[in-house]
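Each chain is listed here by its residues.
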Amino acid sequence: MVEQLRKNNLIDIPVYRMTRTKLHKRYYHQFEGMETWSKDEIDNWQLQQLRDIVLYAYCHVPFYRQLYDKNGLNYEMIEKMDDMHQVPIVTKADIKQYNDQFESDELVKLNFREDFTGGSTGQPMRFCVDDNRYYLDEAFYRYYWEKCGFFVGKERCIVLRGKKIKTEKQNKIYEYNRFWRYLYLDSSCLEMINIKEIDYIIKKYHAEIMQAYPSSVYMLAKLYELSGIKPPKIKKIFLGSENVYLQQIDFVKDIFRVENFYNQYGHSEKVLVAADFADERILAFPPNYGFIELVDNNNKLISTSNVLGEIVGTGFSKSMPFIRYKTGDCAAWKESECTGFMKYWKKTGYIEGRIQEFVFDSHKRKISICTIGGAHIAELNLVLDMQYEQYLPGELIIHVVENEQKPLGDNGKVRIEQAFTHLFNGDMKCKVSIEKKIDRTDRNKKKMLVQHYCESTV
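Residues numbered from 1 in each chain as written. Predicted model: local features only at pLDDT ≥ 70, side-chain atom pairs only at ≥ 80, totals over all residues. Heavy atoms only, no water.

So, on to the overall build of the chain. The helix and strand tally for the chain stands at 11 helices and 21 strands. Within the chain, buried positions represent 52% of all 458 residues. The long-range fraction of contacts in the chain, counting pairs at least 24 apart against all pairs at least 6 apart in sequence, stands at 69%. (Helix = DSSP H or I, 4+ residues; strand = E, 2+ residues; numbered from the N terminus. Buried < 20%, exposed > 50% of the residue type's maximum accessible area, 1.4 Å probe, protein only. Contact = heavy atoms within 4.5 Å.)

Below, the structure written as structure tokens:
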């Protein structure tokens, strides 16, 4: 249907700024208002949203209508949130294969945006999202940031989130946004040759807040450490869009003398969003954004704490509903004594990685790269950047970018290989490969692991 709308010039109809302002304010006030709600009020509100989206999908989305008829599902069967387990799970593979059938037959009447996933797991996935989900997204981050003491537009902020600035025509590696008071730095220019210019720009801007991909801020911290230049003090850093490795966070915290780290979770499909709760390294999911579940390898619900499972999300977008959608991200429920605005939000630990972000040892056991990403290996202190790659279980390639001023040499490579072999208790043959640069995705994100081995063969 999207192709027909495009041909008829009915797609990408601009939404008036006043509409955006009203929607933003409405969602922002919704976040504020839910602070006073009881747990029962929140559960009842969310249950009604779930019933509504399941009914809408059955009435207006061909794929769900066929799926629910096949499984004998009636939306009236959902009397409590636990009943959602009766609804069949959908995957990225389903949406890629039957893409048009996931579109609402009312698409022409809906304000929506067409988008694609970044493709870090393979081919990008096309999808549509209700326009108001983007305003909900903006309202959430404004609400959360202000709770953390960051007021956009009032305070200067350095942004290291993949924006590409340097081109053949423009040699700059930074860009100002005076309206938002953002200083954008080109993540692809984080190299030793540019550190003096980057340092001059950062210190001239006098910002104490940063938004960044974890890999980008870690790379910046390594450049400061290895160059010997005194780093600036950054009071608050907001991380997101990539996995977080706790020991790397501790390193960045020491380099920039950071007072507060805030981790955020979300994805392009706008199904779920989450953010750090206090300083407990726990993610909390707002109930008015989406409904989160955790399932095991057999798609059975996980209800106990500290059991790793895959995140399944249900959003409330109508143009292409995501209902019990497997995100590919892994986490575990966490208990927390929270008395603040997140007290009734569901909570997990930090994301343990995506399904494809596990390595396999010689016994074909899965090991999260979060476990190995921040390993204490002294020789890695001389490494500017690194990435893992695996073709076969029990064999791991470690790509490293060395500091040309202090190269590892053969002995350094051997020590890293021995240290990683010891880390895997001898169940992994590790080989170091020296690279000039680690490639990024089209969105300038870093893939910590390039996994070629198919889990289905395990």
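Still more to cover.
Looking at the chain, the pLDDT average stands at 84 and 88% of residues meet or exceed 70. The weakest mean pLDDT in the chain belongs to helix 1 (residues 2–7) at 48; the strongest belongs to strand 11 (residues 291–295) at 95. Every residue in residues 5–18 is under pLDDT 50, and counting partners more than four places away or in other chains gives 15 contacts. (pLDDT = per-residue confidence, 0-100.)

Another aspect to go through is the side chain of Asp361. With respect to the secondary-structure elements, Asp361 resides in the loop between strand 16 (358–360) and strand 17 (366–368). Residue Asp361 is classed as buried on the basis of its relative accessible area of 3%. At 2.8 Å, the side chain of Asp361 forms a polar contact with the backbone nitrogen of His363. Side chain to side chain, Asp361 and Arg365 meet in a polar contact 2.8 Å long. With residues near it in sequence (within four places) discarded, Asp361 still touches Ile367, Pro393, Gly394, Asp427 and Met428. (Polar contact = N/O pair within 3.5 Å; in protein donor to acceptor, adjacent residues only side chain to side chain.)

The subject of this paragraph is the packing of helix 3 (residues 39–60) against helix 4 (residues 62–70). At a closest axis distance of 6 Å, the pairing of helix 3 and helix 4 adopts a crossing angle of 100 degrees. Compared by their axis directions, helix 3 and helix 4 come out roughly perpendicular. Contacts from Val54, Ala57, Tyr58, Cys59 and His60 in helix 3 reach Pro62, Tyr64, Arg65, Tyr68 and Asp69 in helix 4. In terms of residue class, the contact of helix 3 with helix 4 is built from seven nonpolar, one polar and two charged. (Axes fitted to C-alpha atoms, helices over the stretch in contact; angles between N-to-C directions. Parallel < 35°, antiparallel > 145°, perpendicular 65-115°, else oblique. Nonpolar A, V, L, I, M, F, W, Y, C, P; charged D, E, K, R; others polar.)

With that settled, the discussion passes to helix 7 (residues 195–205). Those residues of helix 7 that sit buried are Ile195, Ile198, Asp199, Ile201, Ile202 and Tyr205. Down the axis of helix 7, the smallest arc covering the buried residues is 165 degrees, so these residues share one side. For helix 7, exposure combined with an orientation more than 90 degrees from the buried face picks out Lys196, Tyr200 and Lys204. Contacts made by the buried residues of helix 7 are with strand 3 (157–160), strand 4 (174–177), strand 5 (182–185) and helix 8 (214–227). Of the residues one or two after helix 7, His206 is the one with positive phi, at around 60 degrees. (Arc of directions from axis to C-beta.)

In this structure, Asn306 takes a positive phi of about 65 degrees despite not being glycine. As for its placement among the helices and strands, Asn306 is situated in the loop between strand 11 and strand 12 (309–314). Owing to a relative accessible area of 54%, Asn306 belongs among the exposed residues under this scheme. Phi is positive for Asn425, close to 55 degrees, though the residue is something other than glycine. Among the secondary structure elements, Asn425 is positioned in the loop between helix 11 (409–423) and strand 20 (429–434). Residue Asn425 is classed as exposed on the basis of its relative accessible area of 65%.

With five of five residues buried, strand 9 (residues 273–277) is to be regarded as a mostly interior element. Where strand 8 (residues 260–266) lies against strand 9, three bridges are found, and the strand directions are antiparallel. Paired with Tyr265 across the two strands is Ala274, which belongs to strand 9. Judged from the three bridges that link them, strand 9 and strand 10 (residues 282–285) form a sheet pairing that is antiparallel. In the sheet register, Asp276 faces strand 10, and the bridge partner there is Leu283. (Pairing = 2+ DSSP bridges.)

A sheet is described by the order of its strands in space; here nine strands give the open sequence 4-5-3-6-7-8-9-10-14, paired in mixed fashion. Where the open sheet ends on each side, the last strands, each with one partner, are strand 4 and strand 14 (346–349). Adjacent strand axes in the sheet meet at a mean angle of 25 degrees when their direction is disregarded. For strand 4 and strand 5, the ladder comprises four bridges, and the chain directions are antiparallel. Across the sheet, Tyr174 pairs through a bridge with Leu185, a residue of strand 5. This element, helix 7, spans strand 3, strand 4 and strand 5 of the sheet and lies at about 175 degrees to strand 5.

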